[in-house]
Amino acid sequence: MERFVLLDRDGVINRRIVGGYVTAWEEFQFLPGALEGLALLARRGVSALIISNQACVGKGLLAPEMLQQITRLFVKQIEDRGGRIGGVYYCPHRPEEGCGCRKPKPGLLFHAQMAHGFRFSETYLIGDSPSDMATARAVGCPGLLIAEDGVAREPMPMAPPEWVFPDLAEAARFIIAHPLPSEPSEESAGQKVPLA
Ligand SMILES: [Mg+2]
Ligand SMILES: [Zn+2]
C-alpha cells in the first residue's frame, strides 16, 4: 500500500521568509536536507503531500498563476533529485476570511485524504509552526517538528510536537525507521471524513 507523509512547505522544504512570503522563484530556497529527505522517503515508497497556507494570494501579493509556476518549478527540482510529490494543496485565503482550509483548520488535509485515501493515524505530518502541530493533533496525525537549532521557534503549549528534528533528512530517517502501524482494512470504511 502506498504510504504518504503530510508536509508543510515554508520552513520545512524551503526557507521561511520571516514576516513575508515567497512571491518569486528567486525567493524559493531549499532548506538543507530537504531534497535528500524527500528522496529518502520516495525510495521507500513514501509520497509527500504538501499542505500550505499562502494568504499572500488572498492579500493580492501573489497571483495564483505565479504560485502555480513556483510550484511547478520546485516540484520538478524535487523530482529531478529523486523525490516524489503526490499533491500540493494550498489555502489562498486571508485569515479573516474564516475559511475551513487555513491551518490549523483541517480542510486541506481532508481534501488530500479524499484524493489519496490514507489514514491520518498512519501518516506523519511534518511542520515548523504551532498551527502545523495543532492541525496534526486535530486529525490524529503524529506531528514532527522541524527546528533548525533543535528548539521550536515558538512555544506550543496546546499541541507540542511529538518529535523535533533539525531538518527534513533527519525527519525522513526517523519515519523510515518508525513506520506507523496499519489498522485492519475493515475499519477503513469509518475512517474517511467528509468535507465540511
Ligand atoms: Mg511553515
Ligand atoms: Zn482557506
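Residues numbered from 1 in each chain as written. Chains lettered and ligands numbered in written order. Predicted model: local features only at pLDDT ≥ 70, side-chain atom pairs only at ≥ 80, totals over all residues. Heavy atoms only, no water.

> Hey, could you run me through the pattern of salt bridges in this one?
Between side chains of opposite charge, a pair can form as their charged atoms come close. Counting across every chain of the model gives 10 salt bridges. A salt bridge links Arg-16 to Asp-128; the nearest nitrogen and oxygen atoms lie 3.9 Å apart. Of the two residues, Arg-16 sits in the loop between strand E1 (3–7) and helix H1 (34–43) while Asp-128 sits in the loop between strand E4 (124–127) and helix H5 (130–139), which places them 112 residues apart along the sequence. Judged by relative accessible area, Asp-128 falls into the buried class, the value being 6%. Between Lys-103 and Asp-132 there is a salt bridge; the shortest N-O distance is 2.9 Å. Placement of the pair is Lys-103 in the loop between strand E3 (85–91) and helix H4 (107–116) and Asp-132 in helix H5, with a sequence separation of 29 residues. Among the residues examined, Lys-103 registers a relative accessible area of 6% and is labelled buried. By relative accessible area, which is 1% here, Asp-132 ends up buried. Ionic contacts of the salt-bridge type, sharing partners, join the residues Asp-8, Lys-103 and Asp-132 into one network. (Salt bridge = Lys/Arg side-chain N within 4 Å of Asp/Glu carboxyl O. Helix = DSSP H or I, 4+ residues; strand = E, 2+ residues; numbered from the N terminus. Buried < 20%, exposed > 50% of the residue type's maximum accessible area, 1.4 Å probe, protein only.)

> I keep staring at the packing of H1 against helix H6 (residues 168–177) and nothing clicks. Help me out?
In a packed pair of helices, the relevant descriptors are the angle between the two axes and the axis-to-axis distance. Interhelical geometry of H1 versus H6 gives an angle of 20° and a closest axis separation of 7 Å. Taken together, the axis directions place H1 and H6 in an arrangement best described as roughly parallel. The chirality of how H1 crosses H6 is left-handed. Contact with H1, carried on its side by Ala-34, Glu-36, Gly-37, Leu-38, Leu-40 and Leu-41, involves Leu-168, Ala-169, Ala-172, Arg-173, Ile-175 and Ile-176 of H6 and no other residues of that element. A class-by-class count of the residues in the contact of H1 with H6 yields nine nonpolar, one polar and two charged. (Axes fitted to C-alpha atoms, helices over the stretch in contact; angles between N-to-C directions. Parallel < 35°, antiparallel > 145°, perpendicular 65-115°, else oblique. Left-handed = near helix turned anticlockwise from the far one by under 90°. Contact = heavy atoms within 4.5 Å. Nonpolar A, V, L, I, M, F, W, Y, C, P; charged D, E, K, R; others polar.)

> Quick question: what am I supposed to make of the pairing of E4 here?
Along any regular strand the residues' side chains alternate between the sheet's two faces. A two-sided burial pattern is seen for E4, the buried positions comprising Tyr-124 and Ile-126 on one face and Leu-125 and Gly-127 on the other. As paired strands, E1 and E4 are joined by three bridges and run parallel to one another. Bridging across to E4, Leu-7 finds its partner in Ile-126. Taken together, the three bridges between E4 and strand E5 (residues 143–146) define a ladder with parallel strand orientation. In the strand pairing of E5, Leu-125 is matched with Gly-143. Between the parallel pair E4 and E5, the chain is carried across by H5, and the sense of this crossover is right-handed. (Pairing = 2+ DSSP bridges. Right-handed = clockwise from strand over helix to strand, strands pointing away.)

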